[in-house]
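# Reading the structure
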Amino acid sequence: MSHEPPPEKIGPIHFAPSITRTNAWTFLYAAFVSIGLLTFITVGQTYILNEHLKVAVSEQGRISGDLVFLTEIVALLLFVPAGMLIDRIGRRPVYVAGFLLLAMTYILYPLATSTGELFLFRAIYAVGIVAVAGGLSTVLADYPAERSRGKLVAVVGLLNGLGIVFINQGFGMLPEVFTGQGLSGTQAGFLTHAIIAGLAAVSALVVALGLKGGTPVARQERLPFRELFVSGFAAARNPRILLAYGAAFVARGDQSINATFLVLWGTTAGLAVGMESAEAVKHGTFIFVISQLAALVWAPILGPLIDRLNRVSALALGMAFGAIGNLAVVLLDNPLASYGVFFFVLLGIGQISVFLAAQSLIGQEAPVAKRGSVLGAFNIAGAIGILLITTSGGRLFDGIDPRAPFVVVGTINVLLLAASLYVRLKAPGKAPGEIEAETPT
């Protein structure tokens, strides 16, 4: 007779066996800070380009896109090795290292004296992204019981959004606060980035103390590096995993487009009407925050629905919301207009819908022993999405129209909606309840 304690739960969310409440609460904290710390680079970078480096507004779209391009090149090279490490040495040490690299980035970024140095520091940030994103997505796949996967993904999405709002809006206002207290613009930039670096370092300590160590499989069951290296790509023979990789491509691209070009669009619109740099960045950050607030409200509505649907059907629904949100932006002329809130709400709903559905599908389909490697390939697909969508988006932003990057994402959403419907007909997979019934307790 087994004497294992029953699985833990927090509210309506049931966790996998061996996951303690301390592990769960630590992960929820990590989910709160992870994406906010990753996306603050856009707010800080926009401020540094304008205040520290005095880069012409007409060049900022290209430079921002190229910085993202560098980030994703590094990510493409490292996501598979990081996934292999996650499967071999565990989730916790990789996740901790990621937070420490982010702390280093935020200390160095305001020290840049040229855009060339920004590219150097951005490479360090890129390694941090790989570790944090790999840790977050793999733990998110590990921790829930199958019947609660959609709910936990929704809660993590909610916490991601809250963290983005808290960190980007709250800390994004600090330069204006500090300059109002008499500090120079560059001093305000240094101090703001030092505070963000401190938050990243504290988060590394919290994760080191509270996250579950090891891997979900016993040491003797861990696969060799050679098999882990190819497993993420070989898993794409499963049409639902291949579809999830496509969803990651557009989901990460969508997140990056929103984080990079909503802030930049609002900032450049503010500068065009005569605002100072700090005030313009505040307005640009505000419209990004509006989209994230919409995502916060929508996530707990969609999450329980995902747990009732076939995961592929849920992805089709998410792609439909994403297409509507991104393509509707063509009707918005001025991002600072009061009616723009409606469009930013649609963007937020679309972005979080694709994210939740994609994470639920890959979490269900990724084999336990190869989960880090499969999630590494999933993240590679996302990195390629950011690489292609954001780089082209930066040039479209500067050369054609600030709305063009969103139209690109919306078009991809439509294509993947069609792919989701095809997979649903040909290879729908099992419903969450069927998988839960087959899982040993």
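It should be emphasised that the depicted structure is a prediction, and the values quoted were computed from it without experimental measurement.

### Quick notes on the overall build of the chain
Within the chain one finds 15 helices and 2 strands. For 441 residues, the compact-globule estimate of 2.2 N^0.38 gives 22 Å, and the chain sits close to it at 21 Å. Considered along the principal axes of its C-alpha atoms, the chain spans approximately 70 × 45 × 40 Å. Evaluated residue by residue, the chain yields a buried proportion of 60% over its 441 residues. In the chain, of all internal contacts separated by at least 6 residues, the share reaching a separation of at least 24 is 83%. Element-wise, carbon and sulfur atoms account for 68% of the exposed surface of the chain, whose accessible area totals about 16,700 Å². Placing the 28 positive and 24 negative side-chain charges of the chain at their respective mean positions leaves the two points 9 Å apart.

### Re the packing of aromatic side chains
For the structure on display, the rule yields 8 aromatic pairs. Geometrically, the ring pair formed by Phe32 and Phe166 is tilted, given 6.0 Å between the ring centres and 40 degrees between the ring planes. One end of the pair, Phe32, is in helix H1 (residues 21-52); the other, Phe166, is in helix H5 (residues 149-172), and 134 residues separate them in sequence. In this structure Phe32 comes out as partly exposed when scored by relative accessible area, which is 22%. Look at Phe166 and you get partly exposed, because its relative accessible area is 47%. In this structure an aromatic cluster arises from ring pairing among Phe32, Phe166 and Phe171.

### Brief notes about the pattern of salt bridges
Counted by the stated rule, this structure contains 10 salt bridges. With a closest N to O distance of 3.1 Å, Arg149 and Glu146 form a salt bridge. The salt bridge partner of Glu365 is Arg240, with a shortest N-O separation of 3.0 Å. Of this pair, Glu365 sits in helix H12 (residues 340-365) while Arg240 sits in helix H9 (residues 239-272), and the two are 125 residues apart along the sequence. Note on accessibility: Glu365 and Arg240 belong to one class, buried. Counted as one network, the salt bridges with shared partners bring together Glu146, Arg149, Lys151, Asp307 and Arg311.

### Things to note about the environment of Arg240
A relative accessible area of 16% means that Arg240 is categorised as buried. Sequence separation between Arg240 and Thr42 is 198 residues; the distance between their C-alpha atoms is 33 Å. Separated by 3.0 Å, the side chains of Arg240 and Glu365 make a polar contact.

### Remarks on the nonpolar core
In summary, soluble globular proteins display a tendency toward joint burial of nonpolar side chains. Ranked by internal contacts, the top residues of the largest apolar core, which has 120 residues, are Leu37, Tyr245 and Leu356. Counting 9 residues, the second largest nonpolar core, distinct from the first, contains Val80, Met84, Val130 and Ala383.

### Description of the confidence of the model for the chain
Looking at the chain, the pLDDT average stands at 84 and 91% of residues meet or exceed 70. For the chain, helix H15 (residues 432-438) is the element with the lowest average pLDDT, namely 54, and helix H3 (residues 91-108) is the one with the highest, namely 95. This model gives residues 218-223 a pLDDT under 50, and the stretch forms 9 contacts once residues within four places in sequence are excluded.

### A short note on H3
Compared with the 26 Å implied by 1.5 Å per residue over 18 residues, the 26 Å span of H3 between its first and last C-alpha is a close match. Among the residues of H3, Arg91, Val94, Tyr95, Val96, Gly98, Phe99, Leu102, Ala103, Thr105 and Tyr106 are the ones counted as buried. Buried positions along H3 lie against H1, helix H2 (57-89), helix H4 (115-142), helix H7 (185-210) and helix H13 (371-399).

### Here's the deal with the packing of helix H10 (residues 277-308) against helix H11 (residues 311-327)
Look at H10 against H11: their axes get within 9 Å of each other, and the N-to-C directions meet at 150 degrees. Viewed along their axes, H10 and H11 adopt a mutual orientation that is roughly antiparallel. Across from Trp298, Leu302, Leu305, Ile306 and Asp307 in H10, the residues of H11 making contact are Arg311, Ala314, Leu317 and Phe321.

### A few points about the packing of H2 against H3
Packed helices, taken two at a time, are described by the angle between their axes plus the distance between the axes. Relative to each other, H2 and H3 sit at 135 degrees, their axes nearing to 7 Å. When the axis of H2 is compared with that of H3, the two are oblique. Only Arg91, Pro93 and Val94 of H3 make contact with H2, whose side of the interface consists of Leu85, Ile86, Asp87 and Ile89.

### Re the side chain of Thr26
Examined against the element boundaries, Thr26 turns out to sit in helix H1. Exposure remark for Thr26: the relative accessible area of 8% places this residue in the buried category.

### Some thoughts on a nonpolar patch on the surface
On the surface, Phe69, Ile73, Leu77, Leu78 and Val127 cluster together into a nonpolar patch covering about 390 Å² of accessible area. The element that contributes the greatest number of residues to the nonpolar patch is H2, accounting for 4 residues. Tracing the backbone through its elements, the reader meets Ile73 in helix H2. Of the residues examined, Ile73 reaches a relative accessible area of 32% and is grouped as partly exposed.

### Some details on unusual backbone geometry
Note: most residues except glycine have negative phi, and most peptide bonds are trans. The phi dihedral of Ser18 falls on the positive side, at around 80 degrees, and the residue is not glycine. Among the secondary structure elements, Ser18 is positioned in the loop between strand S2 (13-14) and H1. Positive phi is not limited to glycine here, since Lys54 has a value of about 55 degrees. For Lys54, the location among the structural elements is in the loop between H1 and H2.

### Considering the environment of Ala320
When you line up the elements, Ala320 lands in helix H11. Judged by its relative accessible area of 26%, Ala320 is partly exposed. Each C-alpha atom, one on Ala320 and one on Val206, is 38 Å from the other, the two residues being 114 residues apart in sequence.

### Some thoughts on the side chain of Ser360
Along the chain, the position of Ser360 falls in helix H12. Ser360 has contacts with Arg149, Gly150, Val153, Ile306 and Arg311, leaving out every residue within four places of it along the chain.

Rules used in this analysis
- Residues numbered from 1 in each chain as written.
- Predicted model: local features only at pLDDT ≥ 70, side-chain atom pairs only at ≥ 80, totals over all residues.
- Heavy atoms only, no water.
- Helix = DSSP H or I, 4+ residues; strand = E, 2+ residues; numbered from the N terminus.
- Rg over C-alpha atoms; globule rule 2.2 N^0.38 Å.
- Buried < 20%, exposed > 50% of the residue type's maximum accessible area, 1.4 Å probe, protein only.
- Contact = heavy atoms within 4.5 Å.
- Areas by Shrake-Rupley, 256 points an atom, 1.4 Å probe, with all protein chains shown as cover.
- Lys, Arg positive; Asp, Glu negative; His and termini not counted.
- Charge placed at Lys NZ, Arg CZ, Asp CG, Glu CD.
- Phe/Tyr/Trp six-rings, centres within 6.5 Å; stacked < 30°, edge-to-face > 60°.
- Salt bridge = Lys/Arg side-chain N within 4 Å of Asp/Glu carboxyl O.
- Polar contact = N/O pair within 3.5 Å; in protein donor to acceptor, adjacent residues only side chain to side chain.
- Core = buried A, V, L, I, M, F, W, Y, C linked by side-chain atoms within 4.5 Å.
- pLDDT = per-residue confidence, 0-100.
- Expected span 1.5 Å × (residues − 1).
- Axes fitted to C-alpha atoms, helices over the stretch in contact; angles between N-to-C directions.
- Parallel < 35°, antiparallel > 145°, perpendicular 65-115°, else oblique.
- Patch = residues over 30% accessible without salt bridge, like charges linked within 9 Å, V, L, I, M, F, W, Y side chains within 5 Å.

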